Amino acid sequence: MKVCVVGGAGYIGSETVYELIRNGHEVVVIDNLSTGKKEMVHKSAKFYLGDITKEEDLKHIFEQECMIKHFDVVMHFAAKLIVPESVEKPLEYYHNNVEGLRILLSVMNDFNIKNIVFSSTAAVYGEPNKDICEESDLTKPINPYGETKLVCENMIKWVCQRYDMHYCIFRYFNVAGADETLEIGLDKSNLTHIVPITVETALGLREKMTVFGNDYNTKDGTCIRDYIHVQDLAYAHVLGAQYIFENEENLLLNLGSNNGYTVLEIIKEVEKYYKVNYEIGKRRAGDPAKIVASNKKACEKLGWKPKRTLSDIIKSDLDYRMKLNKK
Ligand code: UFG
């Protein structure tokens, strides 16, 4: 397949580019490098600097590329994704996530490109009242980030129905870890996620970290999340793209592990290597108490299964951060 990866210089996009190339696909990356880094883009991928919120950027790139051979699939990773930031800056989230997707779909339609793989999120479920979320469950986001992604999911469904396109929407749970080569991973700028923050604290790169609330209704009072290794997640994208391209069918799939861990359990796992200096603080805005995926549908549809455990995820992030800080 010839695949256009929008946001292919970011954490998850760049890992997916690696997995696409490992599986023999041709890749074109478009990224505005606002958070992504050019050096994260695999050397075998073609790179264009471009912004999805600027229609002329996309049109120009699609014109050049589709003259040679049109894209079989577009994968869209170019979104803002930090829950607390979305609470602070909701308009930026609507602009980038919703308007960006509208422009991308419109340009795809102009160029008759039929397949989109889209990064959605577990945040669309909001505060689930079930132990494990299935794709058919109620969606009721409790923060602007989740809300923008739900709007995007619905936009994709209506547009694909109208223009005879196909989609694979993935709802990600908590993604962490680095590529097995340690060439790419979540870099050290603007870290907000629990795994890299805990690892940085363990490595002495931060003096202390804060656990946001220990008064949730969970086994130790801290929030429960479902952690998935970025390389397992990226490989699911390769399978999802192939599936919709070959079967002309739509997919909506959770990508998680079926297992939940509390924040204190993450700290404990990191403490198998080094001590973590932490304090208990106040709850953070927009955090649900517990969110865990059922990945049954993804396993059935794609013949996929996450290969890596929580220990693998922590070890992978630790190795990557040790490498980054040696540089
Ligand atoms: N946490 C801390 N201290 C920190 C950072 C995080 O206690 O310094 C806690 C949070 O409060 C939360 C848990 O660790 O309870 C996980 O927080 P993250 O920021 O790592 O991730 P989120 O669960 O907020 O969000 C992530 C993705 C979203 C996705 C969501 C789905 O960023 O895109 O998982 O569960 F929607």
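Scoring rules and cut-offs
- Residues numbered from 1 in each chain as written.
- Predicted model: local features only at pLDDT ≥ 70, side-chain atom pairs only at ≥ 80, totals over all residues.
- Heavy atoms only, no water.
- Pairing = 2+ DSSP bridges.
- Helix = DSSP H or I, 4+ residues; strand = E, 2+ residues; numbered from the N terminus.
- Axes fitted to C-alpha atoms, helices over the stretch in contact; angles between N-to-C directions.
- Contact = heavy atoms within 4.5 Å.
- Core = buried A, V, L, I, M, F, W, Y, C linked by side-chain atoms within 4.5 Å.
- Buried < 20%, exposed > 50% of the residue type's maximum accessible area, 1.4 Å probe, protein only.
- Domains from an automatic or database assignment.
- Arc of directions from axis to C-beta.
- Parallel < 35°, antiparallel > 145°, perpendicular 65-115°, else oblique.
- Left-handed = near helix turned anticlockwise from the far one by under 90°.
- Nonpolar A, V, L, I, M, F, W, Y, C, P; charged D, E, K, R; others polar.
- Buried area = accessible area lost by both parts, 1.4 Å probe.
- Salt bridge = Lys/Arg side-chain N within 4 Å of Asp/Glu carboxyl O.
- Phe/Tyr/Trp six-rings, centres within 6.5 Å; stacked < 30°, edge-to-face > 60°.
- Lys NZ or Arg CZ within 6 Å of the ring centre and 35° of its normal.
- Polar contact = N/O pair within 3.5 Å; in protein donor to acceptor, adjacent residues only side chain to side chain.

Below, the discussion takes up the sheet that holds strand β11 (residues 251-255). Where strands meet in a sheet, backbone hydrogen bonds hold them as pairs that are either parallel or antiparallel. Ordered by their spatial adjacency, 7 strands build an open sheet running β3-β2-β1-β4-β5-β6-β11, and the pairing between neighbours is parallel. Strands with a single pairing partner mark the edges of an open sheet, and in this sheet they are β3 (46-49) and β11. Neighbour-to-neighbour, the strand axes of the sheet open up by a mean angle of 20 degrees, direction not taken into account. Across 3 bridges, the pairing between strand β4 (residues 73-76) and strand β5 (residues 115-121) is parallel. If you follow His 76 over to β5, its bridge partner there is Phe 118. Across the face of the sheet, helix α5 (residues 144-163) comes into contact with β5, β6 (166-172) and β11 while running at roughly 160 degrees to β5.

Here we come to the nonpolar core. Soluble globular proteins tend to bury their nonpolar side chains together. The biggest cluster of nonpolar side chains holds 36 residues, and the ones touching the most others in it are Val 5, Met 75, Phe 170 and Leu 255. Elements represented by at least two residues in this core include exactly β1 (2-6), α1 (11-22), β2 (26-31), β4, β6, α7 (230-247), β11 and α9 (296-302). Ranked by residue count, the leading element in this core is α7, at 8 residues. When residues are assigned to domains, this core turns out to be shared by domain 1 (2-176 + 227-255) and domain 2 (194-226 + 258-326), each giving three or more. The next biggest cluster of nonpolar side chains, apart from the first, holds 31 residues, and it includes Phe 71, Val 98, Leu 105 and Val 159.

This part takes up the sheet that holds strand β12 (residues 261-262). Taken in spatial order, the 3 strands line up as β12-β9-β14 in an open sheet, and their pairing is mixed. Two strands in the sheet have a free side with no partner beyond their single neighbour: β12 and β14 (290-291). As judged from the 2 bridges shared by strand β9 (residues 224-225) and β12, these two strands associate in the antiparallel manner. When the bridges of β12 are listed, Ile 224 appears paired with Thr 262.

Within helix α8 (residues 263-270), the full set of buried residues consists of Val 263, Ile 266, Ile 267, Glu 269 and Val 270. Axial view of α8: buried residues confined to an arc of 160 degrees, hence all on one face. If you follow the buried residues of α8, they end up packed against α6 (194-202), β8 (209-212), β10 (227-229), β12, β13 (278-281) and α10 (310-326).

Next up on the list: the packing of α6 against α10. Running from amino to carboxyl end, α6 crosses α10 at an angle of 55 degrees, the nearest separation of the two axes being 10 Å. Viewed along their axes, α6 and α10 adopt a mutual orientation that is oblique. When you trace α6 past α10, the crossing you get is right-handed. Together, Val 195, Pro 196, Val 199 and Glu 200 of α6 and Ile 314, Asp 317, Leu 318 and Arg 321 of α10 make up the contact between the two elements. When grouped by side-chain class, the residues that make up the contact of α6 with α10 number 5 nonpolar, no polar and 3 charged.

Much of the literature gives interface size as the accessible area that the parts lose upon coming together. What the domain assignment lists for the protein is domain 1 (2-176 + 227-255) and domain 2 (194-226 + 258-326). In this complex, domain 1 contributes 35 residues to the contact, which on the side of domain 2 involves 32 residues. A combined buried area of about 2,900 Å² lies between domain 1 and domain 2, and 63% of that area is made up of carbon and sulfur atoms. Of all residues in domain 1, Tyr 227, His 229 and Asp 232 give up the largest surface area on contact with domain 2, accounting jointly for 27% of the area buried on that side. In this structure, the connection of domain 1 to domain 2 is made through 3 salt bridges.

Moving on, we come to the packing of aromatic side chains. For the coordinates displayed, the defined rule picks out 4 aromatic pairs. For the pair Tyr 93 and Tyr 145, a centre-to-centre distance of 6.4 Å together with 85 degrees between the ring planes defines the contact as edge-to-face. Here Tyr 93 is found in helix α4 (residues 90-110), whereas its partner Tyr 145 is found in helix α5, with 52 residues between them in sequence. Sitting over the ring of Tyr 216, Arg 283 keeps its end group 3.9 Å from the ring centre.

Attention shifts here to the environment of Asp 31. Its place among the elements puts Asp 31 in strand β2. Among the residues examined, Asp 31 registers a relative accessible area of 6% and is labelled buried. In this structure the C-alpha to C-alpha distance between Asp 31 and Gly 50, which are 19 residues apart in sequence, comes to 5.4 Å. In contact with Asp 31, not counting residues within four places along its chain, are Gly 7, Gly 8, Ala 9, Gly 10, Gly 36, Phe 47, Tyr 48, Leu 49 and Gly 50. Engagement of the side chain of Asp 31 in a polar contact is seen with the backbone nitrogen of Gly 8, the distance being 3.4 Å. There is a polar contact of 2.8 Å between the side chain of Asp 31 and the backbone nitrogen of Ala 9.

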